Structures are given as structure tokens and as C-alpha cells.
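Analysis of the macromolecular model
Spelled out from the first residue to the last, the chains are:
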Amino acid sequence: MPPEEQHRVVLHLDALLAERGLTLTELADRVGLTLANLSILKNGRAKAIRFSTLTALCDVLACQPGDLLEVTGRLTRR
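Residues numbered from 1 in each chain as written. Predicted model: local features only at pLDDT ≥ 70, side-chain atom pairs only at ≥ 80, totals over all residues. Heavy atoms only, no water.

**Quick look at the overall build of the chain**
Just so we agree on the cut-off: Per the convention used, a helix needs a DSSP run of H or I reaching at least four residues, while a strand needs a run of E reaching at least two, with both numbered from the N terminus. Every residue pair with non-hydrogen atoms within 4.5 Å of one another is taken to be in contact.
Scanning the chain from terminus to terminus reveals five helices and two strands. Along its sequence from the N terminus, the chain presents helices and strands in the succession β-α-α-α-α-α-β. Counted over contacts in the chain with a minimum sequence separation of 6, partners at least 24 positions apart contribute 58%.

Here it is, written out as C-alpha cells:
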């Protein structure tokens, strides 16, 4: 993927936090991330996510990766 292209992965963190009655600050504490790093993920500015972070988010939010992540847009084949 060329660097100028935007990724199409969306993190549904706001919805999961609302469903579970958690704040971003509470989630950051429970997951062991800084609020700044979690905010970068939430706002779609992250370029990557570690499996350990994804696992911790899923553990705390009691969800599967597919509940948290979605690929949007249409993939075109070459």
C-alpha cells in the first residue's frame, strides 16, 4: 500500500465503550495503554496495532477482534 493512501480499517471503540459503560480513561487503565495512544487508535490515526494490544482490548471489552475492527470500502483486484 503506497504511503499516501489511507487505510480502510475502522475501530468501533466508541460503540463498545458506550455498550459497556466505560470511559476511554477507564479502558486505558485496564488495558495498560496511555490515554494518548488509545486516543490515536480511537480516532483512526494509528498505522498499526500490536496483537498484544488487540488481545488486551478484547479481554477488557469481552469481545472478538471482529467486533472491534471493520474494513470499510471496496477492495479492487488488479
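Still more ground to cover, so stick around.
**Re the state of the cysteines**
Disulfide: a covalent bond connecting the sulfur atoms of a pair of cysteines. Just so we agree on the cut-off: By definition, disulfides here are pairs of cysteine sulfur atoms that lie within 2.5 Å. The rule is simple: take the accessible area with a 1.4 Å probe, protein chains only, and divide by the maximum for that residue type; under 20% is buried, over 50% is exposed, in between is partly exposed.
Counting across every chain of the model gives zero disulfides. Here Cys58 stays free of any disulfide, with the sulfur of Cys63 as its closest cysteine sulfur at 4.0 Å. A relative accessible area of 8% places Cys58 in the buried class. Its relative accessible area of 7% is what places Cys63 among the buried residues.

**Considerations on the packing of helix α2 (residues 24-31) against helix α4 (residues 51-61)**
To keep things clear, this is the line we draw: Simply put, an axis is a line fit to the C-alpha atoms, just over the touching stretch for a helix, and the angle between two N-to-C directions goes from 0 to 180 degrees. Each helix crossing is assigned a hand: it is left-handed if the near helix lies turned anticlockwise from the far helix by less than a right angle, otherwise right-handed if that turn is clockwise.
Interaxial distance between α2 and α4 falls to 10 Å at its minimum, and their mutual angle equals 120 degrees. The crossing of α2 and α4 is right-handed. Facing α2, whose interface residues are Leu27, Arg30 and Val31, α4 presents Ala56, Leu57, Val60 and Leu61.

**Some thoughts on the side chain of Thr53**
Relative to the assigned elements, Thr53 resides in helix α4. Of the residues examined, Thr53 reaches a relative accessible area of 12% and is grouped as buried.

From the geometry alone we can't say anything about function, so treat these as descriptive.
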